[in-house]
Amino acid sequence: RFSEGVSSVIDISLKDNIQGSSQSGAGVNFIAADAFSNFKISEDTRVMVSGRRSLTDVAFTPTYSQYSNRVFQDSDLANNPSFSNINSEERFFFYDASLKVLHDLTDNEQLSANLLFMNNSLSYAEKADDGVLSESLRSGLDQSTYVASVAFEKSLTSQWNLKAQGFASRYSLEATNVDVVNNQRLIQENSVTEYGFKLDAHYIVSKTLQGKYGYHFTETGVENLQDVNRPDFRSLTKNILRIHSLYGELLFTSKDESRKLKAGGRGTYYEKFDNIRLEPFANLQWQLDEVLSVDVSAETKSQTT
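One structure accompanies this document, and this report is about it. (Residues numbered from 1 in each chain as written. Predicted model: local features only at pLDDT ≥ 70, side-chain atom pairs only at ≥ 80, totals over all residues. Heavy atoms only, no water.)

## Section: the packing of aromatic side chains
Here comes step 1: Using the criterion set out here, one finds six aromatic pairs in the structure.
Here comes step 2: Geometrically, the ring pair formed by F92 and F94 is tilted, given 6.0 Å between the ring centres and 45 degrees between the ring planes.
Here comes step 3: Given a relative accessible area of 24%, F92 falls into the partly exposed group.
Here comes step 4: What links up through ring pairs into an aromatic cluster is the set F93, Y95, F117 and Y146. (Phe/Tyr/Trp six-rings, centres within 6.5 Å; stacked < 30°, edge-to-face > 60°. Buried < 20%, exposed > 50% of the residue type's maximum accessible area, 1.4 Å probe, protein only.)

Structure representation (structure tokens):
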């Protein structure tokens, strides 16, 4: 069910259980301050909200100083033979926020909504002086990510569980890089916009056998811009890819839970290329004793974007 990745997967999730006590908290360190709250607004509705913001643009702490020295130690800001003195005044900060709302429609039906926003910003002024020429230019980098999703989950029986989810996300990058020596300016912009729908089913056949199946649709748009003033050059490209996927997997667990075998596959249709790709996989985990275990895996993966 985790597609479109030839590397590993980071699975970030919040609680799906409405029951439980309310919790709130706040914290601060030499990099950032954060706060969160998890509470009920009714017997059937729970809200989870959190936020974090860096302190690096208002307080130059020793911790941030160490990070900054490490990041810029090998950059051209530290060493440029054309100028005897190049200094940089960097300003970096980040903030992020998340919101999740859970609502139990019935004992067997749940509706949830998620929002996530992240932003990173770096700007710095390069000041160069070789005794004859004095120049000061500012570069910057901004990254932001927006994610939103709505999901409906229903337990049909004690064995069958269905979940439908619609989602949208957008990643954007805007960067300006200046060269004080050659009076050159480079503008780069990159955005990745994605929309999708997922339908997943989980079926428990018995205590030792269960299966997962699903259909996923994803539309991904990627846009890139490059603009250079010396020499005068500008390039703008945009590509869109729509993907339809079906997957299925079976998980067998021995009665003593010492052996687990998971096997299945994924079939993906790429509209733009009119191409179908099949990707089988299998994984065996065997706990031989208290300290020794064997894990054998075989799979194929692909990534089109």
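## Concerning a negative patch on the surface
Here comes step 1: Together, D142, E174, E189 and E223 make up a region of like negative charge exposed at the surface.
Here comes step 2: Along the chain, D142 falls in strand 6 (residues 134-155). (Patch = residues over 30% accessible without salt bridge, like charges linked within 9 Å, V, L, I, M, F, W, Y side chains within 5 Å. Areas by Shrake-Rupley, 256 points an atom, 1.4 Å probe, with all protein chains shown as cover. Salt bridge = Lys/Arg side-chain N within 4 Å of Asp/Glu carboxyl O. Lys, Arg positive; Asp, Glu negative; His and termini not counted. Charge placed at Lys NZ, Arg CZ, Asp CG, Glu CD. Helix = DSSP H or I, 4+ residues; strand = E, 2+ residues; numbered from the N terminus.)

## Some remarks on unusual backbone geometry
Here comes step 1: R230 connects to P231 through a cis peptide bond whose omega is -5 degrees.
Here comes step 2: Among the structural elements, P231 can be located in the loop between strand 9 (209-228) and strand 10 (233-253).
Here comes step 3: Positive phi, normally seen in glycine, also occurs at D274, with a value near 50 degrees.
Here comes step 4: Here D274 is to be found in the loop between strand 11 (259-270) and strand 12 (275-287).

## What about the pattern of salt bridges?
Here comes step 1: Counting across every chain of the model gives eight salt bridges.
Here comes step 2: Notably, a salt bridge pairs K40 with E43, separated by 3.7 Å at the nearest N-O pair.
Here comes step 3: Close ionic contact of D96 with R52 constitutes a salt bridge, the shortest N to O distance being 2.7 Å. On the criterion of sequence distance, the pair formed by D96 in strand 4 (residues 85-106) and R52 in strand 3 (residues 45-54) is long-range, its members being 44 residues apart.
Here comes step 4: According to the relative accessible area criterion, R52 is partly exposed, its value standing at 40%.
Here comes step 5: Shared partners join several salt bridges into a network, and the residues in it are R185, D227 and R234.

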